[in-house]
Every structure is written in C-alpha cells, then in structure tokens.
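# Understanding the architecture of this molecule
The lines below spell out each chain.
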Amino acid sequence: TSMSSGVCAWCSKSSAGTEEIFTKDKWLNRDALLKCSACHSVGYCSRLCQKRHWTLHKKDCARLKTQWVATQAEREANAARQRA
C-alpha cells in the first residue's frame, strides 16, 4: 500500500487528509497518515499499525527507499518551483 492510496497499510483506515499537531512552540499541518521513516512510501494511522505491518513491509522497504532517494532531487526542485 502506498502513501498515494490514503489508507493505512495495515488496517486500511482512511486518511483524514491533514491534521494539525503541536510541536514545541507552534502548530503544524501534517499528513494524517504516518510515513515509514525509511522509504517514505507507505502510511499508517498509528505506530501500532506500523509495527504490525513491519514483517510484511520490510521485504520491500529497502527497494522503495532506493527509489525515494533517487527521486528526492526532483521533488525538491518541484517544491522550489511552487514556492517561486
């Protein structure tokens, strides 16, 4: 299950879009799904779902991480164009 699907990779709970969270001294908007910190390619509604899914996800995680790193420069360039 990829982040683009908008559902938790383990329980299939639907994403709520974005949510506000308080970090240190300010409110930030973030994706309602938590991303895998290694490959950034799958999302989870909770840490518990991420832990439960790990045995299945770890087989693909390294490959997905390689793809994510390879396209990171392109994503950063697109973000810079959008800010301009």
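For every chain, the first residue of the written sequence is number 1, and numbering continues from 1 onward in sequence order. Totals for whole chains, interfaces and linings use every residue, but because this is a predicted model, local features are given only for residues with pLDDT of at least 70 and side-chain atom pairs only at 80 or more, for both listing and counting. Values shown for side chains rest on all heavy atoms present in the structure; no hydrogens or waters enter the calculation.

Counting secondary structure elements, the chain contains one helix and four strands. Helices and strands appear in the chain in the N-to-C order β-β-β-β-α. By the burial criterion, 20% of the 84 residues in the chain qualify as buried. The way it works is that DSSP assigns letters per residue, a run of H or I at least four long becomes a helix, a run of E at least two long becomes a strand, and they are numbered from the N terminus. Exposed residues in this analysis have more than 50% of their type's maximum accessible area, buried residues have under 20%, and partly exposed residues fall in between, with area computed by a 1.4 Å probe over protein chains only.

Here we take up the confidence of the model for the chain. Considering every residue of the chain, the mean pLDDT works out to 83; 75% of them sit at 70 or more. Mean pLDDT across the elements of the chain ranges from a minimum in strand S1 (residues 18–23), with 62, to a maximum in helix H1 (residues 47–83), with 92. For every residue, the predictor reports its confidence as pLDDT, a number between 0 and 100.

A few words on the side chain of His-57. Position of His-57 among the secondary structure elements: in helix H1. Residue class for His-57 comes out buried when judged on its relative accessible area of 4%. In contact with His-57, not counting residues within four places along its chain, are Cys-36, Cys-39, Val-42, Tyr-44 and Leu-64. Here, residues are in contact when the closest pair of their heavy atoms is within 4.5 Å.

Note on definitions: salt bridges are taken to be side-chain nitrogens of Lys or Arg within 4 Å of carboxyl oxygens of Asp or Glu. Counted under the stated rule, the structure contains one salt bridge. Of the charged contacts, one joins Arg-63 and Asp-60 as a salt bridge, the two residues approaching to 3.5 Å between their closest N and O atoms. Here Arg-63 pairs with Asp-60, and both are found in helix H1, just three residues apart, close to one helical turn. Overall, Arg-63 belongs to the partly exposed group, its relative accessible area being 45%.

Under the 1.5 Å per step criterion, the end-to-end length of H1 is only 32 Å for 37 residues, more than 12% shorter than the ideal 54 Å. Take the seven residues that end at a residue and the seven that start at it, fit an axis to each, and the angle between those axes is the bend at that residue. His-57 marks the point of greatest bend in H1, at about 65°. Within the span of H1, buried status applies to Cys-49, Gln-50, His-53, His-57, Cys-61 and Leu-64. Against strand S3 (34–35) and strand S4 (43–44) lie the buried residues of H1. How far a helix is expected to stretch is found by multiplying one less than its residue total by 1.5 Å.

Turning next to the environment of Ala-38. Relative to the assigned elements, Ala-38 resides in the loop between S3 and S4. We classify Ala-38 as partly exposed; its relative accessible area is 28%. Considering only alpha carbons, one finds Ala-38 and Cys-61, 23 residues apart in sequence, at a separation of 7.2 Å. Among all residues touching Ala-38, those that are not within four sequence positions of it are Cys-61 and Lys-65.

As a further point, take the state of the cysteines. When two cysteine sulfur atoms are found within 2.5 Å, that pair is recorded as a disulfide. Applying the stated rule across the entire model yields zero disulfides. Between Cys-61, a cysteine without a disulfide, and Cys-36, which holds the nearest cysteine sulfur, the sulfur-to-sulfur distance is 3.8 Å.

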